[in-house]
Amino acid sequence: MSIYDTLNSEQKRAVLQTDGPVLILAGAGSGKTRVITHRIAYLMEECGVNPWNILAITFTNKAAGEMRERVDRLIGFGAESVWVSTFHSMCVRILRRHIDAIGYDNRFTIYDTDDQKALMKQVCKELNIDTKQLRERSILSAISSAKDELLTPLRYQEKHQMDFIERQIGDAYELYQKMLQKNNALDFDDLLMKTVELFNAREDILKNYQDRFRYIMVDEYQDTNTAQFEIVRLLAAGSRNLCVVGDDDQSIYKFRGANIRNILDFEKVYPDATVIRLEQNYRSTQNILDAANAVIANNRNRKAKKLWTDRGPGNKVHFRQFRSGRDEASYVAEDIDRCMRQDHKLHYRDFAVLYRTNAQSRQLEDSFVQNSVPYNIVGGTNFYARMEVRDLLSYLRTVSNGLDDISVQRIINVPKRGIGETTIGRIQDYAQSHEVSFFDALSDLDEISGVAKAKKKLTDFRDFILSLRDFASTNRIEELIKKIIRDTDYENYLRAYDELTADDRIDNINELISKAVSYEEDALEDEESGGPTLAGFLEDVALVADIDNVDGDDDRVLLMTLHSAKGLEFPHVYLTGMEEDLFPSYMSLNSTDEDALEEERRLAYVGITRAKDDLTLCCASARMVRGEMQYHAISRFVMEIPENLLDCPPGKGYSVDTADWEDEDDEPPFAEIHGRMPASGALGGGYDVFAPYGGSGSVYGRKSAADRGKESSSLGAGGRGQGTSYSAGGAHSSREESGTGSGRGVVHPHDTRLKAVYVKPHTSSAKKPAIAKAGLSALSKGMPEAAKPDYEVGDRVAHVKYGSGTVLSIEKGPRDYKVKVMFDEAGQKIMYAAFAKLRKI
DNA sequence: TAGTTGGGTTTTTTT
DNA sequence: AACCCAACTA
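The model shown is predicted, which means the values in this text are computed figures rather than measured ones. (Residues numbered from 1 in each chain as written. Chains lettered and ligands numbered in written order. Predicted model: local features only at pLDDT ≥ 70, side-chain atom pairs only at ≥ 80, totals over all residues. Heavy atoms only, no water.)

1. Topic: the overall build of chain A
Across its full length, chain A holds 31 helices and 24 strands. Put simply, chain A has 841 residues, and 57% of those count as buried. Here the contacts in chain A between residues at least 6 apart in sequence split such that 74% fall between residues at least 24 apart. Only carbon and sulfur atoms are counted for the fraction: they give 47% of the accessible area of chain A, which is about 35,900 Å². (Helix = DSSP H or I, 4+ residues; strand = E, 2+ residues; numbered from the N terminus. Buried < 20%, exposed > 50% of the residue type's maximum accessible area, 1.4 Å probe, protein only. Contact = heavy atoms within 4.5 Å. Areas by Shrake-Rupley, 256 points an atom, 1.4 Å probe, with all protein chains shown as cover.)

Encoded structure:
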């Protein structure tokens, strides 16, 4: 029995079809990594292919490492000679060897987004571009798209000369590119584009790689952009042994240039391609798969397919709605705890919590800390983007590449050396007019007017860098970093900068040092890399993805964005923030591009299919977004899942452990809600709700999408699962609140014990009733600023339930004003002002 | 030159 | 809420 007998027939076909173009359409969880690894093993073991002739391109360095490991385990030899890497790493490797052929120095620096922005700032200044009107970021993203499409500055300018903005971008692109070259730097997109440029310029070099890479495999092919497509096309042009693996339903990187047509049109480009579909899923239960299939079926531009499994139905998909993002976060942490207690075989690492945006991790993190659940967050502020790490890296880059002006300028006054902006500006002007680098200009100080006062400081700095260069030539990177820290007294600088964060920052620096150490160890082992170099370390550092740093053996819950979760799987998955405007994002809903929403749906599909056994979808009625309370309807992606697959379908009434309003002083919430609500009869037809303070009522009033101005655009698109807005109110709320023009009150049954959702017509944010806002604010942690009550001690006030009374005291609490009232009939009560909604009489 | 403050803005997602 | 920048002050 061979290792290939464990494959199903389609997988086997994919492994055995070694020659010619092959397209493997691999649904989520269909074992595509197994196919690729077995294919590599088969090529080496059965076809006698030299591992050196095999290239496998993966999406992340982590995936590359895992793939190499798995091949090793399969055949136990030779896997280290297979070239497994990401597009970007592969390109850097090629460019380090050959980029001098197209006018760069081989010691080039890789600029990340922060460097790009710093450089673009200079470009805009030079070109007098008003960055208020046209931000650096927008220019950079336009340039990035151009590079993804392999458009040179010249070609971009030819294509885009109609309006002023486009001409400005064209000019900026041209100068930006010149300055990059002057700094001897490449940005991320250049890595791909310059490789194509190199291959086109030097047929001999291309031929060399074509001869080497006789068998090419590309994973996650649906997320390749035009530049990557071209690289693959060029490399495979000789042998035509190209095997691409992907799933059009999981294409989620359009924003960075991914072109879904690369996979959809593969058969057009390679008419003789063998197409293999892997539709059996080995990961998830049938209920989870059915949910995923139901959601993705709403996309129109896709290759039809349907995942199936021979696993049983499993648990239903869990759906939970909460009052606030905070409640959602505590539920997730507590539920994980509950699962762990219930099933002792479970580990923390069996859980993942996914969200659409990094900003959502904050509340989750808080709640995990509070509940002592160990967790790891993937991404957010990239480790290498932290101030202290960047400072040190800029020193290293200055040592490594004297032409990198951006790095020199970053550190010339860090820690403070008394070198100010004016001085830096003068040196820069000189450097520019004399066509020398900024650093070299430091040796011509006598010729630069107006820097005499700072001359000593500048010379000291220059000499310091020179001494570091000297030191670096005979010492290890680890020692170099330590020397920089020591000589600049960097730790004290951090303490002076911010006492509170200094310890964390020092930890980060130590981590950087240990990364340098392990880089040097790895590079010593890897013969092909040519040993450890400073440039090599900087390049490693520049190309790591957040997910690369995740240690699978760490027994912690993983928190990450849906994007980061691609390619991973977990027994238990929580998808949080399943709300309209959040997921699908506001951006996609307002986009003119129809595919934007489909891409969000693919993202939902990716999220759902990460789950093996249990999937929990969560949403919150109210959530702080960018410092403002927002009220969202349940995500359409939840509504697209058939009710019978959900344990608690939206609108059916259910209970949630944490959403319990029995707490002391915890009055029922009331909310002003706008946004889309689920269609279907969930709320219509006299669904009963209970008003705050005891009364009961039912949903009444209903406004069609057409009445609703701007929002109707996203509503009116048709199709199932679209929302309808209801106006509603509890018994206490008056009719006038329900039907006004832009009113969009919604009552949602959130809990069978729900006493109330108080609904106000939405007018404008300026006119939002302060009290409603304060009331909800208090639901969420960290919102101390509640509206100050308009009554004072001694005033007579009226309460909806308790009647009238006299205010005994008003005390500012952590969240809200705490008011003590002696009611004429009900006696003394203490309540929060925002919830109590006392009216002065 | 350095540090503070107030105002305006806001990539969702990342190699 | 967090960030960035310009303007202001010491």
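Alright, that's what it looks like, and here's the rest.
2. A short note on helix 23 (residues 490-497)
Within helix 23, the full set of buried residues consists of Tyr490, Tyr493 and Leu494. Summarising the axial view, the buried residues of helix 23 lie within an arc of 100°, below the 170-degree limit, and thus occupy one face. The elements touched by buried residues of helix 23 are helix 17 (387-400), helix 22 (477-488) and helix 24 (499-525). (Arc of directions from axis to C-beta.)

3. Digging into the environment of leucine 150
Topologically, leucine 150 is positioned in the loop between helix 6 (136-148) and helix 7 (153-159). Exposure remark for leucine 150: the relative accessible area of 17% places this residue in the buried category. Between the C-alpha atom of leucine 150 and that of aspartate 189, which follows or precedes it by 39 residues, the distance is 9.3 Å. Not counting the four nearest positions on each side in its chain, leucine 150 is found in contact with Arg155, Met193, Val196, Thr226, Ala227 and Glu230.

4. Brief notes about the packing of helix 17 against helix 22
Contact geometry for helix 17 and helix 22: axes closest at 11 Å, N-to-C directions at 110°. As judged from the angle between their axes, helix 17 and helix 22 are roughly perpendicular. Crossing handedness for the pair helix 17 and helix 22: right-handed. Between helix 17, through Leu392, Tyr395 and Leu396, and helix 22, the contact on the second element is made entirely by Leu480, Ile481, Ile484, Ile485 and Thr488. Classifying every residue of the contact of helix 17 with helix 22 gives seven nonpolar, one polar and no charged. (Axes fitted to C-alpha atoms, helices over the stretch in contact; angles between N-to-C directions. Parallel < 35°, antiparallel > 145°, perpendicular 65-115°, else oblique. Left-handed = near helix turned anticlockwise from the far one by under 90°. Nonpolar A, V, L, I, M, F, W, Y, C, P; charged D, E, K, R; others polar.)

5. Here we look at the protein's contact with DNA strand B
Neighbouring residues of DNA strand B: 27 residues in total, closest Arg135, Arg137, Arg356, Ser585 and Met587. In the interface set of DNA strand B, defined as its atoms within 4 Å of the protein, sugar plus phosphate atoms amount to 56%. One of the side-chain nitrogen or oxygen atoms of serine 564 is found 3.3 Å away from a phosphate oxygen of DNA strand B. The biggest single contributor to the surface near DNA strand B is helix 19 (residues 421-433), with three residues. (Near = heavy atom within 4 Å. Polar contact = N/O pair within 3.5 Å; in protein donor to acceptor, adjacent residues only side chain to side chain.)

6. Regarding the packing of aromatic side chains
Where two aromatic rings form a pair, the distance of their centres and the angle of their planes describe that pair. By the definition in use, this model includes 17 aromatic pairs. Both rings, one in tyrosine 221 and one in phenylalanine 266, keep their centres 5.8 Å apart while their planes meet at 85°; by these two values the pair is edge-to-face. Within this pair, whereas tyrosine 221 is found in the loop between strand 6 (215-218) and helix 11 (226-236), its partner phenylalanine 266 is found in helix 13 (residues 266-269), the two being separated by 45 residues in sequence. Each member of the pair, tyrosine 221 as well as phenylalanine 266, carries the same accessibility label: buried. Considering the side-chain rings of tyrosine 493 and tyrosine 497, the 6.2 Å spacing of their centres and the 40° angle between planes classify their relative orientation as tilted. Residue tyrosine 493 and its partner tyrosine 497 are located together in helix 23, separated by four residues, close to a single helical turn. Judged by its relative accessible area of 15%, tyrosine 493 falls in the buried class. When the ring centre of tyrosine 253 is taken as origin, the NZ or CZ atom of arginine 256, which lies over that ring, is 3.9 Å away. One cation-aromatic arrangement involves arginine 469 over phenylalanine 439; the distance from NZ or CZ to the ring centre is 4.8 Å. (Phe/Tyr/Trp six-rings, centres within 6.5 Å; stacked < 30°, edge-to-face > 60°. Lys NZ or Arg CZ within 6 Å of the ring centre and 35° of its normal.)

7. Considering the sheet that holds strand 1 (residues 22-26)
Strands in a sheet are paired, the pairing made by backbone hydrogen bonds, and the direction either parallel or antiparallel. Read across the open sheet, the six strands follow the order 3-2-6-7-1-8; overall the sheet is parallel. Looking at strand neighbours, the two that pair on one side only are strand 3 (83-86) and strand 8 (274-278), the edges of this open sheet. Recorded for the sheet is a direction-independent mean angle of 15° between the axes of neighbouring strands. Across the face of the sheet, helix 1 (residues 9-16) comes into contact with strand 1 and strand 8 while running at roughly 145° to strand 8. Helix 3 (residues 61-75) contacts strand 2 (54-58) and strand 3 of the sheet and is inclined by roughly 160° relative to strand 3. (Pairing = 2+ DSSP bridges.)

8. Examining the packing of helix 2 (residues 32-45) against helix 3
Between helix 2 and helix 3, the least distance of the axes is 9 Å, while the angle of their chain directions is 50°. Taken as axis vectors, helix 2 and helix 3 run oblique relative to one another. Crossing of helix 2 against helix 3: the hand is right-handed. Contact with helix 2, carried on its side by Thr33, Arg34, Ile36, Thr37, His38, Ile40, Ala41, Met44 and Glu45, involves Met67, Arg70, Val71, Leu74 and Ile75 of helix 3 and no other residues of that element. Of the residues belonging to the contact of helix 2 with helix 3, the class tally is eight nonpolar, three polar and three charged.

9. A short note on helix 9 (residues 188-201)
For helix 9, built from 14 residues, the straight-helix expectation of 20 Å at 1.5 Å per residue is met to within 8% by its first-to-last C-alpha distance of 20 Å. Across the 14 residues of helix 9, ten count as buried, placing the element largely inside the fold. Along helix 9, the residues classified as buried are Asp189, Asp190, Leu191, Leu192, Met193, Lys194, Thr195, Val196, Leu198 and Phe199. For helix 9, the capping residue at the N-terminal end is aspartate 187, with a side-chain oxygen 3.1 Å from the backbone nitrogen of aspartate 189. (Expected span 1.5 Å × (residues − 1).)

10. Concerning the nonpolar core
Within the largest apolar cluster, 71 residues are counted, with the highest numbers of intra-cluster contacts made by Met120, Ile139, Leu191, Val218, Leu235 and Leu242. With 51 residues, the next largest nonpolar core counts Phe383, Ile424, Ala502 and Ile509 among its residues. (Core = buried A, V, L, I, M, F, W, Y, C linked by side-chain atoms within 4.5 Å.)

11. Brief notes about the side chain of lysine 566
Positionally, lysine 566 belongs in the loop between strand 12 (557-561) and strand 13 (570-575). Overall, the relative accessible area of 9% leaves lysine 566 in the buried class. A polar side-chain atom of lysine 566 sits 3.2 Å from a polar atom in the side chain of glutamate 220. Beyond its immediate sequence surroundings of up to four residues, lysine 566 is in contact with Phe59, Glu220, Gln222, Asp223, Gln250, Ile252, Tyr253, Val606 and Arg610.

12. As for the confidence of the model for chain A
Counting all residues, the mean pLDDT for chain A is 81, and 81% of those residues have values of 70 or more. Between residues 653-782, whose pLDDT stays under 50, and residues either more than four places distant or in other chains, the model counts 296 contacts. (pLDDT = per-residue confidence, 0-100.)

13. Structural notes on the environment of tyrosine 375
Tracing the chain through its elements places tyrosine 375 in strand 11 (residues 375-377). In this structure tyrosine 375 comes out as buried when scored by relative accessible area, which is 17%. Sequence separation of tyrosine 375 and arginine 556 is 181 residues, and the distance between their C-alpha atoms is 4.5 Å. For tyrosine 375, the contacting residues outside a window of four places in its chain are Glu365, Phe368, Val369, Arg556, Val557 and Leu559. Polar side-chain contacts of tyrosine 375 include one of 2.9 Å to the side chain of glutamate 365.

14. Some remarks on the pattern of salt bridges
Side chains that differ in sign of charge can pair as their charged atoms come close. Counted under the stated rule, the structure contains 57 salt bridges. A salt bridge links glutamate 197 to lysine 194; the nearest nitrogen and oxygen atoms lie 3.2 Å apart. With a gap of three residues between them, glutamate 197 and lysine 194 both fall in helix 9, about one helical turn apart. Given a relative accessible area of 7%, lysine 194 falls into the buried group. Glutamate 511 serves as the salt-bridge partner of lysine 515, at 3.7 Å between the closest nitrogen and oxygen. Highlighted residues: lysine 515 and glutamate 511, both in helix 24, separated by four residues, approximately one helical turn. (Salt bridge = Lys/Arg side-chain N within 4 Å of Asp/Glu carboxyl O.)

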